[in-house]
Amino acid sequence: MLKFKPHYVPKPWGSRRLESRFGREIPEGKIGESWELADIDGVFSVVADGEKAGKTLKELWQSGDLGGSAEGDFPFLLKWLDTSERMSAQVHPDSEFCLATQCGAPKTEAWLVAELEPKSKLLIGNYPGLDPQTLVQAVSRGSLEKWMYESLPRAGDMFLIQAGTLHSVGAGFLILEVQQPSDVTFRLYDWGREDENGESRELHSEQAAAAIHYHRFDLPRARRNDVAGPTFKLQRLSMGSSIPSDSLRVFVGHTAADARLLAGGQEFILKYGDILVGESSEGPISVASGNCVLVSEPPQ
């Protein structure tokens, strides 16, 4: 099984939890994102060690060594998010918006809540009555949060965030995020945050207002076992689960308790925060003890 080198991204809302909880060595400052499996925007994940050290995620995927469809680009971007403050209120574009504006690639994503502090909350979607004009007024008055659905999740909850959905992650979360391979984000409101120089981050108010699906009124519903998007699927695995060799298999340790995996006649310990990618040559991979999360392609 393969382990890839993470790419750390500092964020003003970041923290040091990847160091304290996962035992990792991370750069100085507030680290908000760890890109675990990536092949976008000049970030290319490479194997960390072993016989295939230095090989890229892209070449292993397209050669068929990782199973799955092995077609085109790697199907998703996988991250850990660590928030000490709330993230901006933002929206990602859908396919139709991207086609019309040539702004990049669409981005639907899913979250798995690994840890959260008491009263930590997610904001997902908007109440009826919000429209572009009301949105501008709410942002200028600092009342945008009143228009957004609030969710108080539990550890282990999964959420699908469809492209076009207004959303924000609150403070105190450690979240596994899987998304379409795109880094297009329209930042609408950053809660008045300024850096040490009194500078605010760039906002994309016009694009965000145009990209929001205002009439999507579904309440944010947590799922416990699986969630699927256009290019990915998240699935909880328990002891005894076995995954065949023809599928893409990315295993994630999402709890403090270790999981034990059996692959190709070898045993692998999956610790909290670890991400291991199965090779098709290893045959079926089974969960011998504990539980973990499988990230793969969606059902065809």
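Description of the structure in this document. Since this is a predicted model, take the numbers as computed values, not measurements.

Calculation rules
- Residues numbered from 1 in each chain as written.
- Predicted model: local features only at pLDDT ≥ 70, side-chain atom pairs only at ≥ 80, totals over all residues.
- Heavy atoms only, no water.
- Helix = DSSP H or I, 4+ residues; strand = E, 2+ residues; numbered from the N terminus.
- Buried < 20%, exposed > 50% of the residue type's maximum accessible area, 1.4 Å probe, protein only.
- Contact = heavy atoms within 4.5 Å.
- Pairing = 2+ DSSP bridges.
- Axes fitted to C-alpha atoms, helices over the stretch in contact; angles between N-to-C directions.
- Phe/Tyr/Trp six-rings, centres within 6.5 Å; stacked < 30°, edge-to-face > 60°.
- Lys NZ or Arg CZ within 6 Å of the ring centre and 35° of its normal.
- Core = buried A, V, L, I, M, F, W, Y, C linked by side-chain atoms within 4.5 Å.
- Patch = residues over 30% accessible without salt bridge, like charges linked within 9 Å, V, L, I, M, F, W, Y side chains within 5 Å.
- Areas by Shrake-Rupley, 256 points an atom, 1.4 Å probe, with all protein chains shown as cover.
- Salt bridge = Lys/Arg side-chain N within 4 Å of Asp/Glu carboxyl O.
- Lys, Arg positive; Asp, Glu negative; His and termini not counted.
- Charge placed at Lys NZ, Arg CZ, Asp CG, Glu CD.

The residue G67 is located in the loop between helix 2 (57–62) and strand 5 (77–83) in this model. Classification of G67 as buried rests on a relative accessible area of 7%. Apart from residues no more than four positions distant in its own chain, G67 is found in contact with W61, S245, D246, S247, L248 and S280.

In space, the 6 strands of this open sheet follow the order 1-2-5-12-7-10, with antiparallel pairing throughout. Two strands bound the open sheet, and with one partner strand each, they are strand 1 (7–15) and strand 10 (158–161). Put simply, the sheet's adjacent strands are angled 25° from each other on average, direction ignored. Here strand 5 runs beside strand 12 (residues 173–179); their pairing, made up of 7 bridges, is antiparallel. Its bridge partner lying in strand 12, W80 is registered against L176.

What follows covers the packing of aromatic side chains. Tallied over the full model, the rule gives 7 aromatic pairs. Between the aromatic rings of F74 and F76, the centroid separation amounts to 4.9 Å while the plane-to-plane angle is 65°, which identifies the pairing as edge-to-face. Comparing F74 with F76, the two get one shared label, buried. Of note, R86 hangs over the ring of W191, and the distance from its end group to the ring centre comes to 3.8 Å.

Further remarks concern the sheet that holds strand 15 (residues 233–237). The strand order across the open sheet formed by 5 strands is 14-15-22-17-20, and the pairing between neighbours is antiparallel. Both outer strands of the open sheet, strand 14 (226–228) and strand 20 (275–277), are each paired with one neighbouring strand and no more. Mean inter-strand twist for the sheet, computed between neighbouring axes without regard to direction, equals 20°. Sheet analysis places strand 15 next to strand 22 (residues 292–296), joined by 5 bridges and oriented antiparallel. Bridge pairing links Q235 to L294 in strand 22.

For the rest of this paragraph, the subject is the nonpolar core. L37, F76, L78 and L234 are the most contacted members of the largest nonpolar core, which totals 35 residues. Residues in contact with L234, not counting those within four places in the same chain, are A110, L112, M158, L176, V178, N225, D226, V227, V293, L294 and V295. Listed in part, the 21 residues of the second largest apolar core include L144, M148, F186 and A208.

What follows covers a negative patch on the surface. Residues E194, D195, E196 and E199 make up a contiguous surface patch of negative charge. By the element assignment, D195 lies in the loop between strand 13 (186–189) and helix 5 (205–211).

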